[in-house]
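Structural description and commentary
The lines below spell out each chain.
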Amino acid sequence: MIIQKPGIGTIMKEAFKQRIVVPGFNIPYLPMMEPVIRALCDTGTFGLIMVARLEWIKFKSGSMKSIRYEYEKLKDLKFTRLHLDHVPVIDEDNLLTDFENIISEAIDLGYDSVMIDGSRLTLEENIEKTRRIVELAHKSGIPVEAELGAVMGHESGPLPPYEELFATGKGFTSPDEAKKFVQETHTDWLSVAIGNIHGAISEATRSAKKIEARLALPHLKKLNETVNVPLVLHGGTGIAKEYLMKSFKQGIAKINIATAIRQPYEKLMISSVKAAQDAVYNEMLDIIHNQLEITGSAEKIISQKF
Ligand code: 13P
């Protein structure tokens, strides 16, 4: 019997329907991939392995190719898929990138889904660039994640005071713009700004404790009522659980997690890679069992047997 492997587009639709969140884990250092995949398999949990452009430029993931090869060695399609995270059109240092070539290369390499981040562009420019990438990716059957609104934190300068950001809603994704954006780009998933921020990545600040972000849940509710695609929560580290659990009921179907597993790895990587990997594994168990409560999610959202 030929058994078809469900693509990540199908899996995400199912997760969105059942209100089960799919976590994506960033791999800034190649040896982190093994404990991340092991924890997903050991707990029967479905998750994405992710690399963002900044992780091969500013960290040690190597390249899209090295991540792809490592993934090929370790993957288990019952529990994992490979996603290309943030490929910004304008990056965190305000430089224009070669985003179209990077995304094409990822598709050729066999990444299962890709992200274009046009969030530093005007609405019209973001729509234009995202639509182009959606056309390119969909030709190969690859789903696209795009971003609208400002999820800050990756930029090298100081972050504006968080309380001020949250109170003013500055940079939050506008529901009207989101509706237009999704209609005109046909993006599969939408990353939204609702009070979430990324963990800092500059050398000077990357080991600092991340501030505890909150989520503007009434705002998320409006977005979820306006657009009917899975919503993505970036900056998944350090958000209080009560907010996370409620957000999963309001359309957040994917959560990106980097800082929570990177910092324990970086603390130990100089003295022992093995100890650093163990620290990642233990953090993964805590995230899966306690922080997200998604133990055993794979069999609920992937119906086909392998
Ligand atoms: P954190 O570093 O806050 O976990 O955010 C990760 C992220 O959103 C990567 O795209």
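Just so you know, the residues in each chain are numbered from 1, in the order the chain's sequence is written. Owing to the predicted nature of the model, reporting of local features is limited to residues with pLDDT of at least 70; listing and counting of side-chain atom pairs is limited to 80 or more, with chain, interface and lining totals taken over all residues. Here the side-chain values reflect all heavy atoms present in the structure, with hydrogen atoms and water set aside.

Turning next to the overall build of the protein. For the protein, the count of helices and strands is 13 helices and eight strands. Taking 306 residues into account, the globule formula puts the C-alpha radius of gyration at 19 Å, and the protein, at 18 Å, falls close to it. When the backbone C-alpha atoms are referred to their principal axes, the protein occupies close to 50 × 45 × 40 Å. Working definition: with a 1.4 Å probe on protein chains only, accessible area under 20% of the residue-type maximum means buried, over 50% means exposed, and in between means partly exposed. In the protein, which comprises 306 residues, the share counted as buried stands at 56%. Secondary structure elements follow DSSP: runs of H or I no shorter than four residues count as helices, runs of E no shorter than two count as strands, and numbering proceeds from the N terminus. All radius of gyration figures rest on C-alpha atoms, and the globule criterion is 2.2 Å times the number of residues raised to 0.38.

Turning to the pairing of strand β8 (residues 252-257), a few remarks are in order. Summarising burial for β8: six of the six residues are buried, a large majority. Two strands pair when backbone bridges link them, and strand β1 (residues 22-26) and β8 are joined in this way by four bridges, in the parallel orientation. Residue G24 lies in a different strand from β8, and its bridge partner there is N256. For strand β7 (residues 231-233) and β8, the ladder comprises three bridges, and the chain directions are parallel. Bridge pairing in β8 places L233 opposite I255. A strand pair is defined by DSSP finding two or more bridges across the two strands.

All right, on to the nonpolar core then. Only buried residues count toward a nonpolar core. Its members are Ala, Val, Leu, Ile, Met, Phe, Trp, Tyr and Cys residues joined through side-chain atoms within 4.5 Å. Core analysis: the biggest nonpolar cluster contains 98 residues, and V36, I49, L84, Y111, V114, L190 and M284 have the highest contact counts within it. What V114 contacts, discounting residues up to four positions off in sequence, is H83, L84, I103, A106, I107, A137, I142, P143, V144 and E145. Should any heavy atoms of two residues lie within 4.5 Å, those residues are considered in contact.

What follows concerns the site of the ligand. Taken together, the neighbourhood of the ligand is formed by 15 residues, with D85, K210, G235, T237 and T259 sitting nearest. In protein, a polar contact requires one atom able to donate a hydrogen and another able to accept it; more generally it is a pair of N or O atoms within 3.5 Å, and residues adjacent in sequence count only if both atoms are side-chain atoms. In the environment of the ligand, an oxygen atom lies 2.7 Å from a nitrogen or oxygen atom belonging to the backbone of G235. When isolated, the ligand has an accessible area of 310 Å², and the protein chains bury 98% of it. Among the cavities detected, the one that contains the ligand is the largest cavity. Residue polarity is assigned by list, with Asp, Glu, Lys and Arg as charged and Ala, Val, Leu, Ile, Met, Phe, Trp, Tyr, Cys and Pro as nonpolar; anything else, Gly included, falls into the polar class. In terms of residue class, the shell around the ligand is built from three nonpolar, ten polar and two charged. One heavy atom within 4 Å of a molecule or strand is enough for the residue carrying it to be called near that molecule or strand. Areas reported here follow the Shrake-Rupley algorithm with a probe of radius 1.4 Å; residue values treat only the protein chains shown as occluding. Residues are said to line a cavity or pocket when one of their atoms sits within 4 Å of a point; the points come from a 1 Å grid over protein atoms alone, cavities being sets where a 1.4 Å probe fits but cannot get out and pockets being open sets with protein on both sides within 12 Å along at least five of seven lines. The rule for placing a molecule in a cavity or pocket is simple: more than half of its atoms must lie within 2 Å of the grid points.

In this structure, the largest pocket spans a volume of roughly 270 Å³. Lining the largest pocket we find 20 residues, and of these G153, L159, H198, A200 and T205 sit closest to its centre. Looking at side-chain class alone, the lining of the largest pocket contains six nonpolar, nine polar and five charged residues. Grid points are joined across faces, edges and corners, and a volume is the space filled by probe spheres set on the points.

So, about the pattern of salt bridges. Put simply, a salt bridge is a Lys or Arg side-chain nitrogen that is within 4 Å of an Asp or Glu carboxyl oxygen. Summed over the entire model, instances satisfying the criterion amount to 22 salt bridges. Between K75 and E72 there is a salt bridge, with the nearest N and O atoms lying 3.1 Å from each other. Taking the relative accessible area as the measure of exposure, K75 reaches 30% and is therefore partly exposed. Residue E72 is classed as partly exposed on the basis of its relative accessible area of 39%. Overlapping salt bridges bring together E100, E128, K129 and R132 as one network.

Before going further, it helps to examine the sheet that holds β7. An order of β1-β2-β3-β4-β5-β6-β7-β8 is seen for the eight strands of this closed barrel, with the pairing classed as parallel. Sheet twist, expressed as the average angle between the axes of neighbouring strands with direction ignored, equals 30 degrees. Across three bridges, strand β4 (residues 113-116) lies against strand β5 (residues 144-148) in parallel orientation. The residue of β5 that forms the bridge with V114 is V144. Of the strands in this sheet, β4 and β5 touch helix α6 (residues 123-139), which is tilted by about 175 degrees from β5. Each axis is a line fitted through C-alpha atoms, and for a helix only the stretch in contact is used; angles between axes span 0 to 180 degrees, taken between their N-to-C directions.

Attention shifts here to the environment of E242. In this structure, E242 sits in helix α10 (residues 241-249). Considering only alpha carbons, one finds E242 and R214, 28 residues apart in sequence, at a separation of 9.5 Å.

Taken as a whole, this structure holds two cavities of 30 Å³ or more when the rule is applied. By volume, the largest cavity amounts to about 210 Å³. Looking at the largest cavity, it is lined by 22 residues, and the ones nearest its centre are N26, H154, H198, A258 and T259. Sorting the residues of the lining of the largest cavity by element identifies α3 (53-57), β8 and α11 (259-268) as the ones contributing at least two each. The residue inventory of the lining of the largest cavity, partitioned by class, reads seven nonpolar, eleven polar and four charged.

Function cannot be inferred from these measures alone, as they are strictly geometric.
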